[in-house]
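Examination of the molecular architecture
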Amino acid sequence: MPGIEAYREIIGNDELDELYLLADRLKGKAVQNINSTAVGGGVAEILSRMIPLLRDLGVDAYWDVIKGDEKFFAVTKDMHNALHGLNIDISKTDLDYFLEVNRRNSEELDLFGDIMFIHDPQPIGLVEKREHMSNKWIWRCHIDISAPHEATMNFLRGFIDRYDAAVFSAPSFARSDLATKQILIPPSIDPLSEKNRDLPEETIDSVVERFGLDRDRPIVSQISRFDYLKDPLGVIDVYKKVKDHIDCQLALAGGGATDDPEGPRVLDQIRAAAKSDPDIHIIYLPPSSDVEINALQRASTVILQKSLREGFGLTVTEALWKAKPVIATAAGGIPLQIRHKRTGILTYSVAGTAHYLRELLSEPEYAQKLGVNGREHVKNNFLITRHIKDYLSLFISLYYKEDIVYL
Ligand code: UDP
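Figured I'd write up the structure that's included with this text. (Residues numbered from 1 in each chain as written. Predicted model: local features only at pLDDT ≥ 70, side-chain atom pairs only at ≥ 80, totals over all residues. Heavy atoms only, no water.)

**Topic: the overall build of the protein chain**
Check the secondary structure of the protein chain and you find 15 helices and 14 strands. Relative to its length of 407 residues, the protein chain is compact, with a C-alpha radius of gyration of 21 Å against a globular reference of 22 Å. With the principal axes as the frame, the protein chain shows a C-alpha extent of 65 × 55 × 35 Å. Within the protein chain, buried positions represent 56% of all 407 residues. In the protein chain, once contacts between residues fewer than 6 apart in sequence are set aside, the share between residues at least 24 apart is 72%. As presented, the protein chain carries roughly 17,000 Å² of accessible surface, and 49% of it is formed by carbon and sulfur atoms. One way to put it: in the protein chain the 48 positive side-chain charges average out to a point 2 Å from where the 61 negative ones average out. (Helix = DSSP H or I, 4+ residues; strand = E, 2+ residues; numbered from the N terminus. Rg over C-alpha atoms; globule rule 2.2 N^0.38 Å. Buried < 20%, exposed > 50% of the residue type's maximum accessible area, 1.4 Å probe, protein only. Contact = heavy atoms within 4.5 Å. Areas by Shrake-Rupley, 256 points an atom, 1.4 Å probe, with all protein chains shown as cover. Lys, Arg positive; Asp, Glu negative; His and termini not counted. Charge placed at Lys NZ, Arg CZ, Asp CG, Glu CD.)

In structure tokens form, the structure reads like this:
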């Protein structure tokens, strides 16, 4: 994987040199990231590239993953869905189990970081340990918690307020009822990772062929975890509406995450909905399918992200970086990435998505223009180097209090 110096030609000398200056201010501070899965989903995706780059900059950065069983991840998935606003009551027994697993992890993990950087709700309870430690704690929330199921939010608030800061991905996710400092830092993609780097045409051709798709006809895709909130069934409805007018193929590709138990059930339902249409390709992607995802995105004529709820939507960022026309729901952080009719299309329904899909498939020049604008927008705002700069600035700010520097 390319080191930090490789980004000089993408972002320029000034931006990169600033990263070294900021990293230098953190000498002697260990930054320990903790989340709940090493593979699958946006958080693991970011950490797997962020940690080596931080280390390359000279930051003492680490990444640990908490351990949980099926029962724990079933509870945390309910919690995830409830925070996204679904009406799910989590029982006291389940919440007690959640706490028990967090306590067990806080005993088993060495929580040594000067800065403890805890990602998402699953490991949020580790902060109970801070009473015995003098380090700094940050909670990084990748979920849209602007309209959550209140009981779940009330439960989590007690933990969030024990952190020095809470980081959210979009301004609309901020809340007025938190005592802790709230920081806005949108996520990012790595332009040089296997998933996003330029690919030779032969590689794209061979992946497309392997999955049985035909590059001579339009390919519409959604590449996302198989999760109800990504609405893969809605995507099939959209495709069916458009297919009556335009001959196209649908690629629904994705896999699961080790902290998401719902995947197999969703996959069965999609297979049933696709029935025997040979132009619907349901592609199960094992972990480490980065080149396949890269190639499928590049081979797509139009990319959909029809999420009912969304955190930030890194799949949208990845698609825009490849200069693809994207039609996505105006959910979560997607409107930060897509300015309607400028860097892509925002929709709200199956009918709206089908309407715009027909338009983009019939007007390739317009579609291409949206894609080019989208790539520029990502370049300016959502690359990993900007993300690293924001994190380093946040870490440094933890040691400032009323103009006194503690570093
Ligand atoms: N992803 C993956 N394999 C899959 C499905 C998704 O590697 O089968 C990646 C995808 O390319 C993106 C991330 O996982 O980088 C998903 O992040 P996003 O913010 O879109 O959604 P999340 O899964 O975190 O809800």
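Further notes follow.
**Regarding empty space enclosed by the protein**
Per the stated rule, a full pass over the model turns up 3 cavities of 30 Å³ or more. As a volume, the largest cavity reaches approximately 70 Å³. Looking at the largest cavity, the residues that line it are Glu 45, Ile 46, Arg 49, Ser 188, Ile 189, Asp 190, Ser 193, Asn 196, Glu 318 and Ile 384. Broken down by element, the residue count for the lining of the largest cavity peaks at 3 residues, all from helix 3 (residues 41-56). A breakdown of the residues in the lining of the largest cavity according to their chemical character gives 3 nonpolar, 3 polar and 4 charged. (1 Å grid on protein atoms, 1.4 Å probe; cavity = no way out; pocket = protein on both sides within 12 Å on 5 of 7 lines; lining within 4 Å. Points joined across faces, edges and corners; volume = space filled by probe spheres on them. Nonpolar A, V, L, I, M, F, W, Y, C, P; charged D, E, K, R; others polar.)

**Observations concerning the site of the ligand**
The full set close to the ligand counts 15 residues, and Gly 42, Arg 225, Lys 230, Gly 255 and Glu 318 are the nearest of them. A distance of 2.8 Å separates an oxygen atom of the ligand from a polar atom in the side chain of Lys 195. At a separation of 2.7 Å, an oxygen atom of the ligand approaches a polar backbone atom of Gly 255. Breaking the shell around the ligand down by element, the ones donating at least two residues are helix 3 and helix 11 (314-321). (Near = heavy atom within 4 Å. Polar contact = N/O pair within 3.5 Å; in protein donor to acceptor, adjacent residues only side chain to side chain.)

**Details of the nonpolar core**
Among the nonpolar cores identified, the biggest contains 49 residues, and Ile 115, Ile 138, Val 326, Ile 338, Ile 388, Leu 392 and Phe 395 are the most heavily contacted of them. When contributions to this core are tallied by element, the ones reaching two or more residues are helix 2 (13-24), helix 3, strand 3 (115-119), strand 5 (165-168), helix 11, strand 11 (326-329) and helix 15 (384-397). In this structure Ile 338 touches Val 316, Leu 320, Val 326, Ala 328, Thr 343, Gly 344, Ile 345 and Leu 346, once residues within four positions along its chain are discounted. In terms of nonpolar packing, the next biggest core, distinct from the first, is built from 38 residues, Ile 118, Leu 126, Ala 166 and Phe 173 among them. (Core = buried A, V, L, I, M, F, W, Y, C linked by side-chain atoms within 4.5 Å.)

**Points about the pattern of salt bridges**
Enumeration over the complete set of coordinates arrives at 32 salt bridges. Between Lys 243 and Asp 279 there is a salt bridge, and its shortest N-O distance comes to 2.6 Å. Within this pair, whereas Lys 243 is found in helix 8 (residues 232-243), its partner Asp 279 is found in the loop between helix 9 (263-274) and strand 9 (280-284), the two being separated by 36 residues in sequence. On the basis of relative accessible area, Lys 243 is assigned to the partly exposed category, the value being 22%. Here Arg 386 ties to Asp 390 by a salt bridge, and the two come within 2.9 Å at their closest N and O atoms. Of this pair, Arg 386 and Asp 390 both sit in helix 15, 4 residues apart, which is roughly one turn of that helix. One salt-bridge network, held together by shared partners, links Asp 214, Arg 217, Lys 243, Asp 247 and Asp 279. (Salt bridge = Lys/Arg side-chain N within 4 Å of Asp/Glu carboxyl O.)

**Some remarks on the environment of Tyr 163**
Positionally, Tyr 163 belongs in the loop between helix 6 (150-160) and strand 5. Expressed as a C-alpha distance, the spacing of Tyr 163 and Phe 117, which sit 46 residues apart in the sequence, is 9.8 Å. Beyond its immediate stretch of four places on either side in the chain, Tyr 163 contacts Ile 118, Pro 123, Ile 124, Val 127, Arg 130, Trp 137, Ile 138, Trp 139 and Thr 180.

**A few points about the sheet that holds strand 10 (residues 302-305)**
Strand order in the open sheet formed by 6 strands is 9-8-7-10-11-12, and the pairing between neighbours is parallel. The open sheet terminates on both sides in strands that have one partner only, identified here as strand 9 and strand 12 (345-347). Averaged over neighbouring strand pairs, the angle between their axes works out to 20 degrees when direction is ignored. Note: strand 7 (residues 219-223) against strand 8 (residues 249-254), 5 bridges, orientation parallel. Looking at the pairing, Ile 219 lines up with Gln 249 of strand 8. (Pairing = 2+ DSSP bridges. Axes fitted to C-alpha atoms, helices over the stretch in contact; angles between N-to-C directions.)

**As for the packing of aromatic side chains**
Any aromatic ring pair is given by two values, namely how distant the centres are and how the planes are angled relative to each other. Counting across every chain of the model gives 11 aromatic pairs. When the ring of Phe 72 is compared with that of Phe 98, the centres are 5.8 Å apart and the planes differ by 10 degrees; the resulting orientation is stacked. Of this pair, Phe 72 sits in helix 4 (residues 70-83) while Phe 98 sits in helix 5 (residues 92-108), placing them 26 residues apart in sequence. Judged by relative accessible area, which is 0%, Phe 72 ranks as buried. Judged by centre distance (5.9 Å) and plane angle (70 degrees), the rings of Phe 98 and Phe 155 are edge-to-face. On the criterion of sequence distance, the pair formed by Phe 98 in helix 5 and Phe 155 in helix 6 is long-range, its members being 57 residues apart. Linked through ring pairs, Phe 72, Phe 73, Phe 98, Phe 155 and Phe 159 together constitute an aromatic cluster. Residue placement shows Arg 375 over the ring face of Trp 321; its charged tip is 3.8 Å from the ring centre. (Phe/Tyr/Trp six-rings, centres within 6.5 Å; stacked < 30°, edge-to-face > 60°. Lys NZ or Arg CZ within 6 Å of the ring centre and 35° of its normal.)

**Some remarks on the environment of Phe 312**
With respect to the helices and strands, the residue Phe 312 is situated in the loop between strand 10 and helix 11. Owing to a relative accessible area of 4%, Phe 312 belongs among the buried residues under this scheme. Distance from Phe 312 to Asp 64, taken between C-alpha atoms, is 23 Å for residues 248 residues apart in sequence.

**Observations concerning unusual backbone geometry**
Across residues other than glycine, the phi torsion is negative in most instances, and most of the peptide bonds are trans. Its identity is not glycine, yet Lys 275 carries a phi of approximately 45 degrees, on the positive side. Positionally, Lys 275 belongs in the loop between helix 9 and strand 9. Phi is positive for Ala 323, which is not a glycine, with a value near 60 degrees. On the secondary structure map, Ala 323 appears in the loop between helix 11 and strand 11.

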